[in-house]
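# Structural overview for review
As a plain string of letters, each chain reads:
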Amino acid sequence: MTYQREFPVRLKAAVVGVGNHSYRNVLPCLHYLPVKLAAVCDINENLAKATAEEYGCKAYTNTKEMYEKEDLDVVFLCVSPALHPALAIEAFDAGVHVWMEKPPAMRAEDVERMLERRGDRVAVVGFKKSFMPSTRKAMEIVRSGAFGPLRSMLAVYQMTIPDNGREVLEERKFTNWLANGVHPLSMLMAVGGKVEAVTVHRSRDGFGACLLDFENGVTGNFHLASGPHPIESYQFFGSNWHLEIDNSWRVKLQ
């Protein structure tokens, strides 16, 4: 593992949003990245100042002012997904690369707007399941010649679909489906590639399946399971071999 101080070149970075999630999970990760934290920004001025003092950087309550005064390379957005589009586009316009928490937005049209304005800037979303060591090993095996062509995939995850889907979309409500459903979906897309069709079957209790048809002919089944944790499994079926990731870390190959 490489620590921040060991990198010969570090990007000048800022973090927007220094609430509980950012403080517990994002800011500590900077110790292992080739970045130098130059600024933090939060609408809570006291929180911004306290965090800046701890990390030895500047505090802002306004992103526009921050971009004007700081020569930044990258910004980490740790705010509500409803704010991602406007903040990401503002960063792109300022010539800054963007990392944002998942999900990237509340609606697909918001993502399309960000893509249109991204230009040559790099944008990354924190789809952690796509970057797990077990996922990388699965991708390596599935793409080997011995595995044979990938035929289908299964993701089992404790999740329900809201019964007021139309209302959720129209009012842009942030539900658990959007907050955590992106994890198994991002895992399947990391291995399977682009999706061309989605079909959802919902039971009266909210469980069911989200069926994915991939452009390459592979089918995916996101099975919405009930029951206590731990209950998370990913399976990949090839012509010759079968691979399973059990609870995110154990890779089993048959």
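Along every chain, residues carry numbers that run from 1 in the direction the sequence is written. Selection of residues for local features in this predicted model requires a pLDDT of at least 70, selection of side-chain atom pairs for listing and counting requires 80 or more, and totals for whole chains, interfaces and linings are taken over all residues. Side-chain calculation: all heavy atoms of the structure are included, whereas hydrogens and water are not.

Next up on the list: the nonpolar core. The biggest cluster of nonpolar side chains holds 27 residues, and the ones touching the most others in it are L150, M153, F222 and F236. By definition, any uninterrupted DSSP run of H or I lasting at least four residues is a helix, any uninterrupted run of E lasting at least two residues is a strand, and each is numbered from the N terminus. For this core, the secondary structure elements donating two or more residues are α7 (133-142), β7 (150-158), α10 (182-192), β9 (208-214), β10 (219-225), β11 (232-238) and β12 (242-246). Examining the composition of this core, we find that five residues originate from one element, α10, more than from any other. Setting aside residues no more than four positions away along its own chain, L150 makes contact with V142, V191, V218, F236, F237 and G238. By convention a nonpolar core is built from buried Ala, Val, Leu, Ile, Met, Phe, Trp, Tyr and Cys residues, the set being connected through side-chain atoms within 4.5 Å. Whether a residue is buried, partly exposed or exposed follows from its accessible area with a 1.4 Å probe, protein chains only, as a fraction of its type maximum: under 20%, in between, or over 50%, in that order. Contact criterion: two residues are considered in contact whenever any of their non-hydrogen atoms come within 4.5 Å of each other.

Through backbone hydrogen bonds, the strands of a sheet pair up, either in parallel or in antiparallel fashion. The strand order across the open sheet built from six strands is β3-β2-β1-β4-β5-β6, with neighbouring strands paired in parallel fashion. At either end of the open sheet lies a strand with only one pairing partner, and these are β3 (58-60) and β6 (123-125). The sheet shows a mean angle of 25° between the axes of neighbouring strands, direction not considered. Across three bridges, the pairing between strand β2 (residues 35-41) and β3 is parallel. Considered in β3, the bridge of V40 is made with A59. Lines fitted to C-alpha atoms define the axes here, with helix axes fitted over just the stretch in contact, and angles between the N-to-C directions of these axes take values from 0 to 180 degrees. Strands β1 (11-16), β4 (74-77), β5 (97-100) and β6 of the sheet are contacted by helix α4 (residues 84-93), whose axis makes an angle of about 160° with β5. One bridge is not enough; two strands pair if DSSP finds at least two bridges between them.

As a further point, take the pattern of salt bridges. By convention in these notes, a salt bridge is any Lys or Arg side-chain nitrogen within 4 Å of a carboxyl oxygen on Asp or Glu. What the rule picks out here adds up to 15 salt bridges. Salt-bridge contacts for D93 lead to R117; the nearest nitrogen and oxygen are separated by 2.5 Å. Taken together, the positions of D93 in helix α4 and R117 in helix α5 (residues 108-118) put the pair 24 residues apart, joining distant regions of the chain. Each of E109, D110, R113 and R172 takes part in salt bridges that share partners, so that together they form one network.

Taken together, seven strands build an open sheet; the order of strands is β8-β9-β10-β7-β11-β12-β13 and the sheet is mixed. In this open sheet, the two strands that pair with only one neighbour each are β8 (195-202) and β13 (250-253). On average, each strand axis in the sheet is tilted by 15° relative to the strand beside it, whichever way the strands run. Of the strand pairs in this sheet, β7 and β10 are connected by seven bridges, and their pairing is parallel. In the sheet register, Q158 faces β10, and the bridge partner there is A225.

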